[in-house]
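# An overview of the molecular structure
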Amino acid sequence: AALGWAMVGRPVAVLLTAGASTASGEALVDYLVDLGAPEGYIVPVFDEAGARNLENCGLLAQAGLIYIADGPDIVRLVRVLRGSPALEAIGQAFEIGASIYAVGAAAMALGAWVSGGDQAEHGLGLLENLVIEPRFSGAESASRLRHLLAAHPDCMGLGVPYQSAVALGPEGQVRTMGSDQITVVVAQSDEG
C-alpha cells in the first residue's frame, strides 16, 4: 500500500535506527524495489553529523517514499532527527507529495511524544497532538498510552496493533488496514 502512495518515479529512502543492521536495510531496499519501487537507498542518519550531512538531506528531499524502519532504538533516532536539517528535508519531501511510512516502534517517532522508558520526550511532531502506541495489545499497552496522555492531555492516543496499520493523509484522510481495529484514546479532563 505504501508504494501505491509514493510519488511516481522518485526513489524510496530508508532510515534505519541506531544499532540496526545495514545488511537488513539493504535487503529491505531490494524487497521494495522488487515490489515496484523505481530505486531505493539507505540514508545513513545514525548520529547528529549524519542528520546535518547535505548529501543525506538531499537524498531525503528527493524521495517519493521515506520508510522509517522499526528498530531497537527509536528514541535515539528521534533525538538525532529532532530539529535537524534531515527532518527539514523530510518535511520538504512531504510537502511536494512524498509519503512517510513508519513501521512498528518507528511510528511513535512521528507523534508529539515518544515513550522512552520511564519518561516521555518530544517526538518529531510530524503528527501534532498525537501519541502513537505501536503493537497495541492488552492492558499493558492501554495503561502505557493512558499514562502518557495523562501527562499530555492536549494529545490524542492512537493504539495500532500488530498486523494493522493506519494511513493519515495531509488533508485529514484516515485509512485503516489489517485485521485488528485501531484504538483511539482521548485524555480524560478534570472537568468530568
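Residues numbered from 1 in each chain as written. Predicted model: local features only at pLDDT ≥ 70, side-chain atom pairs only at ≥ 80, totals over all residues. Heavy atoms only, no water.

## Here we look at the sheet that holds strand 8 (residues 156-160)
Two modes of strand pairing occur in sheets, parallel and antiparallel, and in both the strands are linked by backbone hydrogen bonds. As summarised here, the arrangement of the three strands in space is 7-8-11, forming an open sheet in which the pairing is mixed. Unpaired on one side and paired on the other, strand 7 (130-134) and strand 11 (183-186) mark the two borders of the sheet. Across the sheet, the axes of successive neighbouring strands diverge by a mean angle of 20 degrees, strand direction being ignored. One ladder, built from four bridges, connects strand 8 with strand 11; its direction is antiparallel. For Gly159, the partnering residue across the bridge sits in strand 11 and is Thr183. Across the face of the sheet, helix 8 (residues 138-151) comes into contact with strand 7, strand 8 and strand 11 while running at roughly 160 degrees to strand 7. (Pairing = 2+ DSSP bridges. Helix = DSSP H or I, 4+ residues; strand = E, 2+ residues; numbered from the N terminus. Axes fitted to C-alpha atoms, helices over the stretch in contact; angles between N-to-C directions. Contact = heavy atoms within 4.5 Å.)

## Structural notes on the layout of surface pockets
Considering only enclosed or pocket space, the largest pocket measures out at about 1500 Å³ in volume. Contributing to the lining of the largest pocket are 48 residues, with Ile100, Tyr101, Ala102, Val166 and Ala167 lying nearest its centre. When residues of the lining of the largest pocket are assigned to their parent elements, the largest contribution, five residues, is made by strand 9 (residues 164-168). Its residues assigned to classes, the lining of the largest pocket comprises 34 nonpolar, 10 polar and four charged. (1 Å grid on protein atoms, 1.4 Å probe; cavity = no way out; pocket = protein on both sides within 12 Å on 5 of 7 lines; lining within 4 Å. Points joined across faces, edges and corners; volume = space filled by probe spheres on them. Nonpolar A, V, L, I, M, F, W, Y, C, P; charged D, E, K, R; others polar.)

## Focus: the sheet that holds strand 2 (residues 40-42)
Read across the sheet, four strands follow the order 2-1-3-4 without closing on themselves; strand pairing throughout is parallel. In this open sheet, the two strands that pair with only one neighbour each are strand 2 and strand 4 (99-102). The sheet shows a mean angle of 20 degrees between the axes of neighbouring strands, taken without regard to direction. Across four bridges, strand 3 (residues 65-68) lies against strand 4 in parallel orientation. Note on strand 4: the bridge partner recorded for Tyr67 is Tyr101. Its contacts with the sheet place helix 2 (residues 22-35) against strand 1 (12-15), strand 2 and strand 3, and it is angled at close to 165 degrees to strand 2.

## Here's the deal with helix 4 (residues 54-61)
Looking only at helix 4, the buried set comprises Asn56, Cys57, Leu60 and Ala61. Looking down the long axis of helix 4, one finds its buried residues gathered within 135 degrees of arc, a one-sided arrangement. Seen from the buried face of helix 4, the exposed residues on the opposite side, beyond 90 degrees, are Leu54 and Glu55. Buried residues along helix 4 sit against strand 1, helix 3 (48-52), strand 3 and helix 6 (85-95). (Buried < 20%, exposed > 50% of the residue type's maximum accessible area, 1.4 Å probe, protein only. Arc of directions from axis to C-beta.)

Read these as geometric descriptors, not functional statements.
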